[in-house]
2 protein chains.
Amino acid sequence: VVVSVTKGIEYDSGLTMSGVLRTTMPRARPVALSGPTMAMEVGHDIPTAIVAASEDPEAALTTQQVFHRATFRVYTASDVLGVELGGALKNVVAVAAGIGDGLGFGDNSKAALITRGIVEIRRLGVARGAQPETFSGLSGLGDLALTCYSRLSRNRALGERLGKGEKAEAIVASSVAVAEGYPTTRSAFQLARKLDVATPIIDEVYALLYEGKNVVKALQDLTSRESKAEQ
Amino acid sequence: VVVSVTKGIEYDSGLTMSGVLRTTMPRARPVALSGPTMAMEVGHDIPTAIVAASEDPEAALTTQQVFHRATFRVYTASDVLGVELGGALKNVVAVAAGIGDGLGFGDNSKAALITRGIVEIRRLGVARGAQPETFSGLSGLGDLALTCYSRLSRNRALGERLGKGEKAEAIVASSVAVAEGYPTTRSAFQLARKLDVATPIIDEVYALLYEGKNVVKALQDLTSRESKAEQ
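A. Highlighting the sheet that holds strand β4 (residues 72–77) of chain B. All names here are of chain B. Here we have four strands laid out as an open sheet, ordered β1-β2-β3-β4, and mixed in their pairing. Lying at the two open borders of the sheet, with one neighbouring strand each, are β1 (2–4) and β4. Neighbour-to-neighbour, the strand axes of the sheet open up by a mean angle of 25 degrees, direction not taken into account. Here six bridges tie strand β3 (residues 48–53) to β4, and the two strands are oriented parallel to one another. Within the sheet, the bridge partner assigned to valine 51 lies in β4 and is tyrosine 75. Contacts from helix α6 (residues 138–149) reach β2 (30–34), β3 and β4 within the one sheet, and its direction differs from that of β3 by about 145 degrees.

In structure tokens form, the structure reads like this:
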């Protein structure tokens, strides 16, 4: 049983980390452990819930038994791909949430972004082969909400600096810890084009991070793209 | 066209505000305007999105035309009951989120609460006759996330004082503005029993607010009730 606690999507292959494990360690039984779990809070024993996902139910149960305790509740799931895609793609939306913070937007607009963001994550994830309901769980909606609101999120902080006018390359060059949302945006954008999925939020974050698009222009394009009926 | 901007569920009748309007003003065409919209931010022209819901499509469109502008984006919807139940029931979960804040819990546990909270809101709402997808929209998930995280939420603040050890009656007696979550908890609890729907979060908030249950005990009961598989 090999447990992955790494979030991301490999460029070109479009593989999540369990997919990479399957390629590189053919005898491994991969488990993804993912959810709304800021490390500092886990370290301080503050109540936290997380998902252990594996196509192999026994491997998921083993992981649950090893890590579960009163302040770190481990739930099992079978849709490992969905759990991993939720954990990876939410970082892109978190960059967008941070941009709003940098521009001085408030909680109302962030709530709207989260609502649209989980729809977009689900759409891309389902096209890639995940189960739709997984994105309503801890590793989808839960992790998205946490990352967009938490002061501790590096991805949100990256967006906040973009929103205040810094350039992406300068932020990355001056950061000790790399925000996962930066490379994930590139992989997600590539994946969305391959699968022909509409991803307006990912597209604008990509244009900001990799094509030098102006922040205010990106936000205008994002909001003007939305339709008039909610569903 | 009569637009309701009031959130709540009438005790005994179980009616939302559009239902009350239908009873008291039989010729009205009720519209519910609801979503993640802290008034202070709307007043400061910070970008906000909201839903105008009505069974009468023309009434929803009229409302959209009257209120829509660049920083206050109005989307239309037809599931007025779902939009209203999302806006009302989220206040109960926000009280629970505030209790976590008062007890010094962190962002991880709040993210888990939001994830479970929207499932519970959807389950009760669907039993009452609403459409399930409505609760993934601005007035469901969006408003829930906002209210649970915002410093401006009166319902979250009510929970925070409970979490710090104050008694419900004392808080309500000393508050100028009534937190909607207080009466809504009573109506939601009654509605859930009538419709025979499992609502563990609402039940514990009810026990805290109306039965004098100990805060720490309520939280223990809530977490120990959860199952081991995520779905």
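B. Local environment of the packing of aromatic side chains. Residue and element names in this part refer to chain B. In this structure the tally under the stated criterion is seven aromatic pairs over all chains. Note on tyrosine 182 and tyrosine 210: the rings are 5.0 Å apart at their centroids and 20 degrees apart in plane angle, and the pair reads as stacked. Of the two residues, tyrosine 182 sits in helix α9 (residues 181–195) while tyrosine 210 sits in helix α10 (residues 200–210), which places them 28 residues apart along the sequence. Of note, arginine 193 hangs over the ring of phenylalanine 189, and the distance from its end group to the ring centre comes to 4.8 Å.

C. View of the interface of chain A and chain B. Chain A puts 45 residues into the contact, and the matching count from chain B is 45 residues. Summed over both sides, the interface of chain A with chain B buries roughly 3,600 Å², with 55% coming from carbon and sulfur. Here chain A and chain B share zero salt bridges between them. For the pair chain A and chain B, the interface holds 14 residue pairs in polar contact (both at pLDDT 80 or more). Broken down by secondary-structure element, the contributors of at least two residues to the side of chain A that touches chain B are α2 (39–43), β3 (48–53), β4 (72–77), α5 (107–127), α6 (138–149) and α11 (215–225) of chain A. When residues in the side of chain A that touches chain B are grouped by element, the largest group, seven residues, is from α5(A). A class-by-class count of the residues in the side of chain A that touches chain B yields 19 nonpolar, 19 polar and seven charged.

D. Structural view of the environment of A:Arg116. Considering the arrangement of structural elements, one finds A:Arg116 in helix α5. For the pair A:Arg116 and A:Gly100, spaced 16 residues apart in the sequence, the C-alpha separation amounts to 14 Å.

E. Broad picture of the sheet that holds β3(A). Residues and elements named next belong to chain A. The mixed open sheet is built from four strands, whose spatial order is β1-β2-β3-β4. One side of each edge strand has no neighbouring strand; the edge strands of this open sheet are β1 (2–4) and β4. Geometrically, the sheet is characterised by an average inter-axis angle of 25 degrees between neighbouring strands, direction not taken into account. Together, β2 (30–34) and β3 form the strand contacts of helix α4 (residues 80–102), whose direction differs from that of β2 by roughly 40 degrees. The strands touched by α6 within the sheet are β2, β3 and β4, with β3 carrying the most contacts at an inclination of about 145 degrees.

F. Inspection of the pattern of salt bridges at higher detail. A complete count under the given rule lists 26 salt bridges over all chains for this structure. Salt-bridge contacts for A:Asp143 lead to A:Lys90; the nearest nitrogen and oxygen are separated by 3.7 Å. You can see A:Asp143 sitting in helix α6 and its partner A:Lys90 sitting in helix α4, a full 53 residues away along the chain. A:Lys90 carries the same exposure label as A:Asp143, and that label is buried. For the salt bridge of B:Arg22 with B:Glu55, the shortest nitrogen-to-oxygen distance reads 3.7 Å. Note that B:Arg22 is positioned in helix α1 (residues 17–24) and B:Glu55 in the loop between β3 and α3 (57–67), a separation of 33 residues in sequence. Among the residues examined, B:Arg22 registers a relative accessible area of 35% and is labelled partly exposed. Classification of B:Glu55 by relative accessible area gives exposed; the value is 58%.

Reading guide: rules and limits
Residues numbered from 1 in each chain as written. Chains lettered and ligands numbered in written order. Predicted model: local features only at pLDDT ≥ 70, side-chain atom pairs only at ≥ 80, totals over all residues. Heavy atoms only, no water. Pairing = 2+ DSSP bridges. Helix = DSSP H or I, 4+ residues; strand = E, 2+ residues; numbered from the N terminus. Axes fitted to C-alpha atoms, helices over the stretch in contact; angles between N-to-C directions. Contact = heavy atoms within 4.5 Å. Phe/Tyr/Trp six-rings, centres within 6.5 Å; stacked < 30°, edge-to-face > 60°. Lys NZ or Arg CZ within 6 Å of the ring centre and 35° of its normal. Buried area = accessible area lost by both parts, 1.4 Å probe. Salt bridge = Lys/Arg side-chain N within 4 Å of Asp/Glu carboxyl O. Polar contact = N/O pair within 3.5 Å; in protein donor to acceptor, adjacent residues only side chain to side chain. Nonpolar A, V, L, I, M, F, W, Y, C, P; charged D, E, K, R; others polar. Buried < 20%, exposed > 50% of the residue type's maximum accessible area, 1.4 Å probe, protein only.

By themselves these figures say nothing about function.
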